[in-house]
Amino acid sequence: LARPLEDILGKMRAVAQGNYDLRVSGDYPPELAGIAETFNLMATGVGCRDKELQESEERYRSLFHDNPVPALLIEPDLGIIRGANPAAVDFYGYTLEELETVTIQGVSAQSAAELFAELSEAKKTGNRHHSLKHRMKNGSIRDVEIYSNPISLGGRSYHYVLIFDVTSRRVA
């Protein structure tokens, strides 16, 4: 029993490390054959779910990072920018690292009171579309329309915000 059990335990450790292709095979005593079969089913199931999760993460990354529209992830309670796609980095003129230390108040060209009133009203009414003015790193002001949607990532709440520059429409 000791050697077959060591074989099963070794493969369990390998699967725990992410090697989902390993299977237990061999001529095991009846009391271990059921364990070996169950282990193989488990390893197959965990491997499939891990692959699905990786594909889902890749789709999310692609939707966020490859999106040509500036997008931000904002922590709603503090208004801190927790993520930005390359289009947002280009739009605001900050590096990603700089942008992730800025609050939404830092990019807003509105007063804190005006911004707070806008966000409070949005929370009450469920309005997800706003026309605002945002300040770029170079100090210029742009008219923007934002579309915000609450999302949950890793058990935390965020606002996923898409930003559209409408300055040229407003000037015309």
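Cut-offs used in this document
Each chain has its residues counted from 1, running along the sequence as written. pLDDT decides what is reported in this predicted model: residues at 70 or higher carry local features, side-chain atom pairs at 80 or more are listed and counted, and totals for whole chains, interfaces and linings draw on all residues regardless. Excluding hydrogens and water, the side-chain figures rest on all heavy atoms present in the structure. Only protein chains enter the accessibility calculation, which uses a 1.4 Å probe; a residue is then buried when its area is under 20% of its type maximum, exposed when over 50%, and partly exposed in between. A run of H or I in DSSP becomes a helix once it reaches four residues, and a run of E becomes a strand once it reaches two; helices and strands are each numbered from the N terminus. Pairing between two strands requires that DSSP report at least two bridges joining them. pLDDT: the predictor's confidence for each residue, scored from 0 to 100. N or O atoms closer than or at 3.5 Å make up a polar contact, with two conditions inside protein: a donor-capable atom paired with an acceptor-capable one, and, for residues adjacent in sequence, both atoms drawn from side chains. Pairs of residues are marked as contacts when any of their non-hydrogen atoms sit within 4.5 Å. Each Phe, Tyr or Trp ring (for Trp, its six-membered ring) is paired with any other whose centre lies within 6.5 Å, and the angle between the two planes then decides the class: stacked below 30 degrees, edge-to-face above 60, tilted in between. Residues enter patches when their relative accessible area tops 30% and they take part in no salt bridge; the joining distance is 9 Å for like charges and 5 Å for the nonpolar side chains Val, Leu, Ile, Met, Phe, Trp and Tyr. In short, Shrake-Rupley with a 1.4 Å probe defines the accessible areas, and a residue's cover is counted only from the protein chains shown. A pairing counts as a salt bridge when a side-chain nitrogen of Lys or Arg comes within 4 Å of a carboxyl oxygen of Asp or Glu. As used throughout, the charge tally considers Lys and Arg to be positive and Asp and Glu to be negative, leaving His and the chain termini uncounted. In this description, the location of a charge corresponds to atom NZ of lysine, CZ of arginine, CG of aspartate or CD of glutamate. For a helix, the expected span equals 1.5 Å multiplied by the number of residues minus one. Throughout, an axis means a line fitted to C-alpha atoms (over the contacting stretch in the case of helices), and angles, computed between N-to-C directions, take values from 0 to 180 degrees.

Burial analysis of strand β2 (residues 80–84) places 4 of its 5 residues in the buried class, the great majority of the element. Relative to β2, strand β1 (residues 71–75) runs antiparallel, the two sharing 4 bridges. By the bridge assignment for β2, leucine 72 is matched with alanine 84. Taking the residues between adjacent antiparallel strands as the criterion, β1 and β2 are bridged by 4 residues, where glycine 79 takes a positive phi near 70°.

Moving on, we get to the confidence of the model for the chain. Chain-level pLDDT for the chain is 87 on average; 97% of the residues reach the 70-or-more range. Per-element mean pLDDT across the chain ranges from 75 in helix α6 (residues 112–125) up to 97 in helix α3 (residues 86–92).

Once that is clear, we can look at the side chain of serine 148. Following the sequence through the fold, serine 148 ends up in strand β4 (residues 141–153). Of the residues examined, serine 148 reaches a relative accessible area of 13% and is grouped as buried. Separated by 3.4 Å, the side chains of serine 148 and histidine 159 make a polar contact. Leaving out residues up to four positions away in the same chain, serine 148 has contacts with Arg128, His159, Tyr160 and Val161.

On to the packing of aromatic side chains. Here the structure, examined in full by the defined rule, presents 4 aromatic pairs. Ring pairing ties together the aromatic residues Tyr60, Phe64 and Tyr160, which thus form one cluster.

Moving on, we come to a negative patch on the surface. Taken together, the side chains of Glu52, Glu55, Glu57 and Glu58 make up a negatively charged region of the molecular surface. Along the chain, glutamate 52 falls in helix α2 (residues 30–65).

Next up on the list: helix α1 (residues 2–16). Its 15 residues give α1 an end-to-end C-alpha distance of 21 Å, which sits within 8% of 21 Å, the value for a rise of 1.5 Å per residue. Each element contacted by the buried residues of α1 is listed here: α2. Among the residues trailing α1, glycine 18 stands out with phi positive, at a value near 105°.

This part covers the sheet that holds strand β3 (residues 129–135). Reading across from one edge, β2-β1-β5-β4-β3 is the order of the 5 strands in this open sheet, with antiparallel pairing throughout. Bordering the open sheet on either side are β2 and β3, each of which pairs with just one other strand. In this sheet, neighbouring strand axes are inclined to one another by 40° on average, regardless of whether the strands run parallel or antiparallel.

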